[in-house]
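Residue-level listing of the chains:
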Amino acid sequence: MKLISPAQHAERLPLERIDPEYKRLRLQVFLGIFIGYAGYYLVRKNFSLVMPDLIEQGYSKSDLGIALSGVSVAYGLSKFLMGNVSDRSNARIFLSLGLLLSALTMIGMGVFPIATSSIAIMFTLLFLNGWFQGMGWPPCGRVMVHWFSTKERGTKMSIWNIAHNVGGGLVGPLAIAAVALFGTWESKLYFPGLIAVLSAMIAYMLVRDTPQSCGLPTIEEYKNDYPSNYTEDHEKELSAKQILFDYVLTSRVLWYIAFANAFVYLVRYGILDWAPTYLEEAKGFSVKETGWAYFAYEYAGIPGTLLCGWISDKVFRGRRAPATIIYMVLVLVAVLVYWKNPAGNIWVDNAALIAIGFLIYGPVMLIGVQALDLVPKKAAGTAAGLTGLFGYMGGALFANIAMGFVVDAWGWDGGFIVLVAACVLAIFFTALTWNKETKHYNLNKIT
Ligand SMILES: O=P(O)(O)OC[C@H](O)CO
């Protein structure tokens, strides 16, 4: 455990070196967490791309679905539990180690035939992969709160957040390249794994745990941007018990955000995962048209996220709830259009889907930022982990499993009623955080 302990503080650099060193290192660590998190997404989703090959070998869709669920279940649990470990670890090592382990799991699944020889083995390995994947977000959050101050965090987080769209978007082209290079379906697992090993090495070279470990002052001192409740104690490393019971589990607002996140993730994955089936069954899309719509959904998220972070920082001056609520109201409108638009108007369905993609990733990102804002820096990973636990164990799992039953029993109308209710509940739970944020903001203005 000593190996991954937080980096020791170094002697303070001379005054004239502080500013240039801070500027250089902020860019460097930001690149490190961006490349690192994009790397995580290269080995998060690539199993889906070998599912058609496994079906050809005789596996059924439902069996493979069970194997795949291992990732979501483990990821939700791990983002919370490993988030707590991450808060007590050196982000540079923790981030790279998780990515390396996840990449090695995928390489192993591609290289050793026994790894794909039964559903039980695949479930176990995918569960392990989900667990290692949970070691990605929390150290990025730790880096973010130690190197970027509250008022700039919305914008900076929104830029970092597109790493997951970039990484996720590269999975398809990498699979095509893998088959072209190696000629086997297994290469769709090990080739992205090899690239992810490279990302882990780059992340290790670039990331630094805290400014103090590089001889720099805290980000609050450097930017003169102090949260309202900031004290010297915010710089002390905390025990697991202190993080959980003094700051995370006892924060009512954090619970509101966690519930909001469950509903936001229900919409995120409820729309995304069912888009191909819904568009082909209910709207008469061809497979090719569905593929493009799916692609557009993911990439529309990039400008939508950037705009959302900017609005939160510049228009609402560091408050997150107003931007989340505005985006979720617009998501609700787009979901209604996507549902009610009669079959045949393909461009309306595409426009609605792109609008949902543009809008949904802003709240996904801002809820994470809000979690980081609410607790001292040393509890950041656990706080974001709690929202992740609800997002995956609640929202994503419901979207994957229960949505299928709802649609089977009550048709697509039933599924859309669930999604509309999820939008309303996400808005409701975010609205409960409004007063807390207003107080925080007013205090910041006075001090
Ligand atoms: O769903 P996650 O945990 O991979 O997070 C995705 C985005 O980075 C959320 O900010």
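Residues numbered from 1 in each chain as written. Predicted model: local features only at pLDDT ≥ 70, side-chain atom pairs only at ≥ 80, totals over all residues. Heavy atoms only, no water.

Topic: the nonpolar core
Membership of the largest hydrophobic core comes to 137 residues, with the highest contact counts inside it found for F47 and Y338. No other element matches the 20 residues that helix α15 (residues 380-431) contributes to this core. When residues of this core are assigned to domains, at least three fall in each of domain 1 (14-217) and domain 2 (241-436). Discounting residues that sit within four places of it in the chain, F47 has contacts with L54, L64, L68, M109, M122, L126 and L189. (Core = buried A, V, L, I, M, F, W, Y, C linked by side-chain atoms within 4.5 Å. Buried < 20%, exposed > 50% of the residue type's maximum accessible area, 1.4 Å probe, protein only. Helix = DSSP H or I, 4+ residues; strand = E, 2+ residues; numbered from the N terminus. Domains from an automatic or database assignment. Contact = heavy atoms within 4.5 Å.)

Side note on the domain arrangement of the protein chain
As assigned here, the protein chain comprises domain 1 (14-217) and domain 2 (241-436). Between domain 1 and domain 2, the C-alpha centre-to-centre distance is 21 Å. Counting residues at the interface gives 37 residues for domain 1, matched by 35 residues for domain 2. For domain 1, the biggest contributors to the area lost against domain 2 are F80, D87 and N165; these three give 19% of the whole. Our count for the domain 1 to domain 2 interface comes out at 1 salt bridge. Applying the counting criterion to the domain 1 and domain 2 interface returns 11 residue pairs in polar contact (both at pLDDT 80 or more). Elements that contribute at least two residues to the side of domain 1 that touches domain 2 include exactly α3 (61-86), α6 (137-147) and α7 (150-182). Here the element with the most residues in the side of domain 1 that touches domain 2 is α7; it accounts for 16 residues. Of the residues in the side of domain 1 that touches domain 2, the class split is 13 nonpolar, 15 polar and 9 charged. (Buried area = accessible area lost by both parts, 1.4 Å probe. Salt bridge = Lys/Arg side-chain N within 4 Å of Asp/Glu carboxyl O. Polar contact = N/O pair within 3.5 Å; in protein donor to acceptor, adjacent residues only side chain to side chain. Nonpolar A, V, L, I, M, F, W, Y, C, P; charged D, E, K, R; others polar.)

A few points about the site of the ligand
What surrounds the ligand is a group of 13 residues, the closest being Y41, Y75, N161, Y265 and Y392. The contact in question runs from an oxygen atom of the ligand to an N or O atom on the side chain of Y37, over 2.8 Å. Taking K79, its side chain carries an N or O atom lying 2.7 Å from an oxygen atom of the ligand. About the coverage of the ligand: the protein hides 99% of its 300 Å² of free accessible area. Contributions of two or more residues to the shell around the ligand are made by α1 (15-42), α3, α7, α11 (252-282) and α14 (346-374). Of the residues in the shell around the ligand, the class split is 8 nonpolar, 2 polar and 3 charged. (Near = heavy atom within 4 Å. Areas by Shrake-Rupley, 256 points an atom, 1.4 Å probe, with all protein chains shown as cover.)

So, the packing of aromatic side chains
Evaluation of the coordinates by the stated rule reveals 28 aromatic pairs. Taken together, a centroid distance of 5.3 Å and an interplanar angle of 25° make the contact between F259 and F429 stacked. Of this pair, F259 sits in helix α11 while F429 sits in helix α15, and the two are 170 residues apart along the sequence. For F429, a relative accessible area of 16% puts it in the buried group. Judged by centre distance (5.8 Å) and plane angle (55°), the ring pair of Y269 and Y392 falls under tilted. Of this pair, Y269 sits in helix α11 while Y392 is found in helix α15, placing the two residues 123 residues apart along the sequence. Among the aromatic residues, those joined into a cluster by ring pairs are W255, F259, F263, F390, F428 and F429. For K283, the ring lying beneath its charged end belongs to Y338, and the centroid distance is 5.9 Å. Above the face of the W339 ring, K340 is positioned so that its terminal group lies 4.1 Å from the ring centre. (Phe/Tyr/Trp six-rings, centres within 6.5 Å; stacked < 30°, edge-to-face > 60°. Lys NZ or Arg CZ within 6 Å of the ring centre and 35° of its normal.)

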